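Now for the letters of each chain:
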Amino acid sequence: MSKEVLILAIESSCDETAAAVVRNGREVLSNIISSQIALHTLYGGVVPEIASRKHIEKCNQVIEEALKQANVSFADITAIGVTYGPGLVGALLVGVSEAKAIAYAARLPLIGIHHIEGHICANFIENKELEPPFICLVVSGGHTHLVVVRDYGVYQIIGKTRDDAAGEAFDKVARAIGLGYPGGPKIDKLAKEGNANAIEFPRAHIEGSPYDFSFSGVKSAVLNHLNICKMKGAEINTADIAASFQASIIEVLVSRAVQAAKEYKLDKIAIAGGVASNSGLREAMKQICQQEGIAFYYPSPIYCTDNAAMIGVAAYYEYQKGTRHGWDLNAVPNLKLGER
Ligand code: KG4
Ligand code: ZN
């Protein structure tokens, strides 16, 4: 029997302070998340300085709780995994410093993880049969990437957003129609009451880059629509706006992912990141994948938003590949996927 590998993982790249214990890559023994959403809602978005301070306050607590719930101590842990980029530099630094301190004191290997690699790996937790290669659509508040997952830890980015991330577009449109922060879940809910064909919002295609995205045009189109309604004194139907906006985003995401699966001859598509919780996106993906004979994978909402379990999974596969970081590991706010 192979030796059991227990990863203690830490995630603090944005507004969630999280720690988790993951056994042998796919079994989550604990997954503790302390969310700062309520705090940042007061300001309509994440305030970096407040996020860093809150991480410092919560970091030890979530780690202690993660060990306790997993019923393990530092002595049982094989390695420490931590998100070291991309994200807010002050926020990342808290997790990285904590991880280095624990790894040094407990004489454990330290493994820095790319946040997006974590989001992709969230799919391995509940889909035990899922193995690379597959297409992964990563849609979060900060990123929109279309990735060919060649192997564990081997990623080829074939498309990205040129401007706003998908989640950012949801958040901005939600703010414009008065729903508040974070906008994604609120638009998702309101869209169910609206007509997705009520307003024709643009679907951007970028000449020569079939897999790149652009969402700033949709956002501007929503703002224009609101202005025109106000000027004409017409009624603003926020449910129709939410439904039509969401439909325009989903259509682009789904069509690019399926096109990529066909071109790269892969019969598996996974989605990841906060926006992967979107019920419309999940439904649309399910339907088209079924039609096209493609297997569709997605994590439960708790593994879509930022969490440390996904970092633990990624760290396990990096550990198996021999990835180790030194005491000079630093937060890298604009870290690129595949960079070391
Ligand atoms: O992955 P995540 O927790 O943080 C980042 O790494 O950015 O993603 C947060 C983003 C936010 O923009 C939020 O509005 C969006 O995910 N989001 C959603 C839904 N739930 C969260 N967007 C659309 N529909 C949802 N149900
Ligand atoms: Zn994230």
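Residues numbered from 1 in each chain as written. Chains lettered and ligands numbered in written order. Predicted model: local features only at pLDDT ≥ 70, side-chain atom pairs only at ≥ 80, totals over all residues. Heavy atoms only, no water.

Draft legend 1. The packing of helix 6 (residues 166-176) against helix 8 (residues 216-232), seen in detail. It is the contact of helix 6 with helix 8, at a shortest axis distance of 10 Å, that shows an interaxial angle of 10 degrees. By the angle between their directions, the pair helix 6 and helix 8 is classed as roughly parallel. Contacts from K172, V173 and A176 of helix 6 reach helix 8 at K219, V222, L223 and L226. The residue inventory of the contact of helix 6 with helix 8, partitioned by class, reads five nonpolar, no polar and two charged. (Axes fitted to C-alpha atoms, helices over the stretch in contact; angles between N-to-C directions. Helix = DSSP H or I, 4+ residues; strand = E, 2+ residues; numbered from the N terminus. Parallel < 35°, antiparallel > 145°, perpendicular 65-115°, else oblique. Contact = heavy atoms within 4.5 Å. Nonpolar A, V, L, I, M, F, W, Y, C, P; charged D, E, K, R; others polar.)

Draft legend 2. Layout of the packing of helix 6 against helix 7 (residues 183-191). For the pair helix 6 and helix 7, interaxial distance at closest approach is 8 Å and the crossing angle is 70 degrees. Classified by the interaxial angle, the pair formed by helix 6 and helix 7 is roughly perpendicular. The handedness of the crossing between helix 6 and helix 7 is left-handed. Note on element contacts: helix 7 touches helix 6 through G183, G184 and I187, opposite F170, D171, V173 and A174. A per-class count over the contact of helix 6 with helix 7 returns four nonpolar, two polar and one charged. (Left-handed = near helix turned anticlockwise from the far one by under 90°.)

Draft legend 3. Spatial organisation of the coordination of the zinc ion (ligand 2). The coordination sphere of the zinc ion (ligand 2) contains the protein donors H115 (NE2), H119 (NE2) and D306 (OD), at a distance range of 2.0 to 2.1 Å. In this structure, the zinc ion (ligand 2) is coordinated by four donor atoms arranged in irregular fashion, with angles at the metal of 94 to 139 degrees. Here the donor residues for the zinc ion (ligand 2) map to a single chain with the spacing H-x3-H-x186-D. Taken as a pair, H115 in helix 4 (residues 115-121) and D306 in the loop between helix 11 (301-304) and helix 12 (309-321) lie far apart in primary sequence, 191 residues in all. When sorted by exposure, H115 lands in the same class as D306, which is buried. (Donors = N, O, S within 2.8 Å, 3.2 Å for Na, K, Ca; no water. Tetrahedral: all angles 85-135°; square planar, octahedral: opposite > 155°, others 65-115°. Buried < 20%, exposed > 50% of the residue type's maximum accessible area, 1.4 Å probe, protein only.)

Draft legend 4. Highlighting the sheet that holds strand 9 (residues 268-272). On the basis of which strands lie adjacent, the open sheet formed by five strands has the order 8-7-6-9-10 and mixed pairing. Of all the strands in the sheet, just strand 8 (154-160) and strand 10 (295-297) have a single pairing partner and so form its edges. Along the sheet, successive strands turn relative to each other by an average axial angle of 25 degrees, direction set aside. The sheet contact formed by strand 7 (residues 144-151) and strand 8 spans six bridges and is antiparallel. (Pairing = 2+ DSSP bridges.)

Draft legend 5. Expanded view of unusual backbone geometry. The omega torsion of the bond from G85 to P86 falls at -15 degrees, within 30 degrees of zero and hence cis. In this fold, P86 is placed in the loop between strand 4 (79-85) and helix 3 (89-106). In this structure, P133 follows P132 across a cis peptide bond, with omega equal to 5 degrees. Tracing the backbone through its elements, the reader meets P133 in the loop between helix 5 (123-126) and strand 6 (134-139). The residue N24 is not glycine, and still its phi comes out positive at about 45 degrees. Tracing the sequence through the fold places N24 in the loop between strand 2 (16-23) and strand 3 (27-35). Backbone geometry at R107 places phi at a positive 55 degrees, although glycine is not the residue there.

Draft legend 6. Seen up close, the site of ligand 1. Around ligand 1, the structure places 20 residues, and the nearest of them are G141, D171, D188, G274 and N278. Separating an oxygen atom of ligand 1 from a backbone N or O atom of D306 is a distance of 3.2 Å. Look at ligand 1: alone it shows 560 Å² of surface, and the protein chains cover 88% of it. Secondary structure elements with two or more residues in the shell around ligand 1: helix 4, helix 6 and helix 7. (Near = heavy atom within 4 Å. Polar contact = N/O pair within 3.5 Å; in protein donor to acceptor, adjacent residues only side chain to side chain. Areas by Shrake-Rupley, 256 points an atom, 1.4 Å probe, with all protein chains shown as cover.)

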